[in-house]
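Chain and residue survey
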Amino acid sequence: MVQERIAALRSRMKEEGVDAYLVPTDDFHASEYVGDYFKCRKYITGFTGSAGTAVITQDMAGLWTDGRYFIQAAKQLEGSGVTLFKMGEPGVPTIQEFLEEKLGDGECLGFDGRTVSTKEGRELQETLAKKGASVNGGLDLVGDIWKDRPALSCEPVMELDVKWAGESRASKIDKIRKTMQEQGADLFLLTSLDDIAWLLNIRGGDIHCCPVVLSYLVMTGEELLLFANEKAFPDTVKQALAADGVSFCPYNDIYEYVSKLPAGKKVLLNRNKVNSRLNALIPENVSVLDQENPTLLPKAVKNPVEVENERIAHIKDGVALTKFIYWLKTNAGKLPITELSAGEKLYELRSEQENFMGNSFDPIISYGAHAAIVHYSATPETDIPVEPHGLLLADTGGHYLEGSTDTTRTIALGPTTDEEKKYFTAVLRGHLNLAAARFRAGTTGLSLDYLARAPLWELGKDFNHGTGHGVGYYLNVHEGPNSFHWKVSPTRRADTPFEVGMITSDEPGYYQEDGFGVRHENLIVCVEDQETECGTFLRFEHLTMVPFDLDAIVPEQMTVRERELLNDYHAQVYEKISPYLDEEERAWLREATRKI
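All residue numbers refer to positions counted from 1 along the written sequence of the respective chain. Given that the model is predicted, a residue must reach a pLDDT of at least 70 before its local features are reported, and side-chain atom pairs must reach 80 or more before they are shown or counted; all residues, however, enter totals for whole chains, interfaces and linings. Calculated side-chain values reflect all of the structure's heavy atoms, with hydrogen atoms and water omitted.

Here we take up the pattern of salt bridges. For this document, the term salt bridge refers to a Lys or Arg side-chain nitrogen within 4 Å of an Asp or Glu carboxyl oxygen. Under the defined criterion, the tally for this structure stands at 36 salt bridges. The salt bridge partner of Arg 149 is Asp 140, with a shortest N-O separation of 2.9 Å. In this pair, the class of Arg 149 matches that of Asp 140, namely buried. Close ionic contact of Glu 167 with Lys 175 constitutes a salt bridge, the shortest N to O distance being 2.9 Å. Buried, partly exposed and exposed residues are distinguished by accessible area as a fraction of the type maximum, computed with a 1.4 Å probe on protein chains only: under 20%, between the cut-offs, and over 50%, respectively. Judged by its relative accessible area of 48%, Lys 175 falls in the partly exposed class. Look at the salt bridges and you will find they share partners, linking Asp 112, Arg 114, Asp 140, Arg 149 and Arg 277 into a network.

Encoded structure:
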């Protein structure tokens, strides 16, 4: 099937005079996850991971993806004729390096410019121009051959009440307009879907597990235009938006609107987010202020109402997850449980919680060797039974009106090996030490990441993913700019200082291919610590309230302080979660959170 599709694509490439065709994992908005309409890379390669880019030439098909997906991609590409390029590994060229080597004078790279950022499109053009090659960003060749392509999503839109959002839409709009004025912008072009949803206090469902609305937004000093499918908006929501000065335009009309901007105007936008075709339509006599979206930081710094709501959401989620762990440990080997059925059970338990709106991402429930695949997602073909021994990794999350959750627990389902316990404990030590950090205001995730990796680095081991990412408020589960990582890369900077109200995941891990995987993840919120003669100090507070499995811990490998950190955390878990459990569950949780 994949080989037939690639052959059809190559035929279209010949017709258009294209020698290489780029297929990113992207929609028109630089979203991390995309709706079914936009899954061209999955269609042409068969790889289902959330990150990756395909390059097709007449004699080669390649897929570039990062360390989260090396194992998964290798298995899914088997027999497809598509070569896996492991990004960041020694000797592996970047996509630009590959294209620079592959394309020569008079040859052409094609892509759909709506799915390539302005920054990336320019870099490709500049790189290939040195070889005499050209770029054509006006081609949706995969769309041409995709005969049963799904329609653009048009899911119903809801308004997020201010009791959940903590700030009115009018207040947010006013603040962004003031930022525009300070920066001398006549117009702000916003294309990132989570920013638009945050600014307008709306939520939708146009991307699986991401409550966003397919839209573009243009803000001036006098008007606010929302380019979206008006059919998705109930009358009550349209009326509320209109009361705050929001007018509707058809979704695709943004391209014509931008092409007719008056001369001399100054447009504020982020070329890392705005797609290259949209940027190319901006008239030459219009100035572009290429800066970070002024919505990014206010969205990341949760207001006091949002933080308090998140505490409530995490108690609800903690109740569901604690019940799930109890059920799993009690019934493994007694009931027929598989990875998929375990996920269904957890969804059922979350659904019992008030204001549960759905999963915040597809559950990663992986047993045994599957847990070594960082972002494994069980399918009917890969689903395996859960047995009463070894480790099960459950990385799951929920959306509530009170906020979004993202939690990973590695669960011992019976006897575990000394090696499994060794790394289970090392990863937990790193997790606890990072969560307990106290630091000067202005500190970034680059500085703090070492706390999480140190126990593994001391063993000569590491994990091939970031230690933490920002999380949205009933929005995208991966949100910038706050994060933890030990190095700067083009896709992950981790150099934004932490601020009070930022919510970030703390999720170190260890993965032994064909063996087992361990990851421990809580969401932590940045709060004030103290003011001294040296300045302002900040710290983190646990939001997640779920026990860590003491059955796989080696206390002797932990310092006295680390054991105290774990005991203090478990005391909080018992206090906050036990009132919502039945008698048997409560007795189990008391033992599961005992002091060590």
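From this point, things continue past the structure.
Bringing the side chain of Thr 396 into the picture now. By the criteria applied, helices consist of DSSP H or I runs no shorter than four residues and strands consist of E runs no shorter than two, each listed in order from the N terminus. Here Thr 396 shows up in strand S17 (residues 391-396). Among the residues examined, Thr 396 registers a relative accessible area of 1% and is labelled buried. Any two residues whose heavy atoms approach within 4.5 Å are treated as being in contact. Setting aside residues no more than four positions away along its own chain, Thr 396 makes contact with Leu 321, Leu 346, Arg 350, Phe 361, Pro 363, Ile 364, Ile 365, Asp 406 and Thr 407.

Okay, helix H1 (residues 2-16) next. Look at H1: 21 Å from first C-alpha to last across 15 residues, which is about the 21 Å you get at 1.5 Å a residue. Turning to H1, its buried residues are Val 2, Ile 6, Leu 9, Arg 10, Arg 12 and Met 13. For H1, the buried positions fall inside an angular range of 165° around the axis, keeping them on one side. Pointing more than 90 degrees away from the buried face of H1 are the exposed residues Glu 4, Lys 14 and Glu 15. By this rule the span expected of a helix is its residue count minus one, scaled by 1.5 Å. Arc definition: it is the arc formed by the directions from the helix axis to the C-beta atoms.

On to helix H4 (residues 95-102), then. Those residues of H4 that fall on the buried side of the exposure criterion are Ile 95, Phe 98 and Leu 99. Across the axial projection of H4, the buried residues extend over an arc of 95°, all falling on one side. Tucked into the core, H4 has its buried residues touching strand S1 (20-23), strand S2 (53-57), strand S3 (61-65), strand S4 (83-86), strand S5 (108-110) and helix H5 (118-129).

Bringing the sheet that holds strand S14 (residues 287-290) into the picture now. Here, any two strands with at least 2 DSSP bridges between them count as paired. Spatially, six strands are ordered S12-S11-S10-S8-S13-S14 in an open sheet, and the strand pairing comes out mixed. Unpaired on one side and paired on the other, strand S12 (246-249) and S14 mark the two borders of the sheet. Neighbouring strand axes in the sheet, compared pairwise and without regard to direction, differ in orientation by 25° on average. Where strand S8 (residues 187-190) and strand S10 (residues 215-220) come together, four bridges link them in antiparallel fashion. Paired with Leu 189 across the strands is Val 218, a residue of S10. In this description, a line fitted to the C-alpha atoms serves as the axis of each element, helices being fitted only across the stretch in contact, and the angle between N-to-C directions of two axes falls anywhere from 0 to 180 degrees. Against the sheet, helix H9 (residues 193-200) contacts S8, S10, strand S11 (224-228) and S12, and its axis sits at roughly 55° relative to S10.

Across the sheet, three strands lie side by side as S15-S18-S19; this open sheet has antiparallel pairing. The sheet is open, and its two borders are formed by strand S15 (356-359) and strand S19 (403-404), each paired with just one other strand. Pairing between strand S18 (residues 398-400) and S19: two bridges, direction antiparallel. Bridge assignment links His 399 to a residue of S19, and that residue is Ser 404. Where helix H15 (residues 339-351) meets the sheet, its contacts fall on S15 and S18, and the angle it forms with S15 comes to roughly 165°.

Turning our eyes to something else, we now look at the environment of His 469. Looking at the element boundaries, His 469 is found in strand S22 (residues 468-470). The class for His 469 is buried, based on a relative accessible area of 12%. C-alpha of His 469 to C-alpha of Gly 445: the two residues are 24 residues apart in sequence and 9.5 Å apart in space. Excluding its chain neighbours within four sequence positions, the residues that come into contact with His 469 are Asp 406, Val 477, His 478, Glu 479, Asn 482, Ser 483, Ile 503, Thr 504, Ser 505, Glu 507 and Glu 521. Here the side chain of His 469 touches Asp 406 through a polar contact of 3.2 Å, side chain to side chain. Polar contacts, as used here, are pairs of N or O atoms within 3.5 Å; protein pairs need one atom able to donate a hydrogen and one able to accept it. Residues neighboring in sequence count only if both atoms are side-chain atoms.

In this section: the packing of helix H18 (residues 560-577) against helix H19 (residues 583-592). For the pair H18 and H19, interaxial distance at closest approach is 10 Å and the crossing angle is 170°. Relative to H19, the element H18 is oriented roughly antiparallel. The two elements H18 and H19 meet at a crossing, and its hand is left-handed. In this structure, H18 contributes His 570, Val 573, Tyr 574 and Ile 577 to the contact, and H19 contributes Arg 586, Leu 589, Arg 590 and Ala 592. When residue character is reported, Ala, Val, Leu, Ile, Met, Phe, Trp, Tyr, Cys and Pro are called nonpolar, Asp, Glu, Lys and Arg charged, and the others, Gly included, polar. Residue composition of the contact of H18 with H19, grouped by class: five nonpolar, one polar and two charged. An angle below 35 degrees is treated as roughly parallel, one above 145 as roughly antiparallel, one from 65 to 115 as roughly perpendicular, and anything else as oblique. The handedness criterion is simple: a crossing whose near helix is rotated anticlockwise from the far helix by less than a right angle is left-handed, and one whose near helix is rotated clockwise is right-handed.

Locating Thr 410 in the fold gives a position in strand S20 (residues 407-412). Here Arg 519 takes part through its backbone oxygen, which lies 2.8 Å from a polar atom of the side chain of Thr 410. Excluding residues within four positions of it along the chain, Thr 410 makes contact with Leu 391, Leu 392, Leu 393, Phe 424, Gly 517, Val 518, Arg 519, His 520 and Asp 549.

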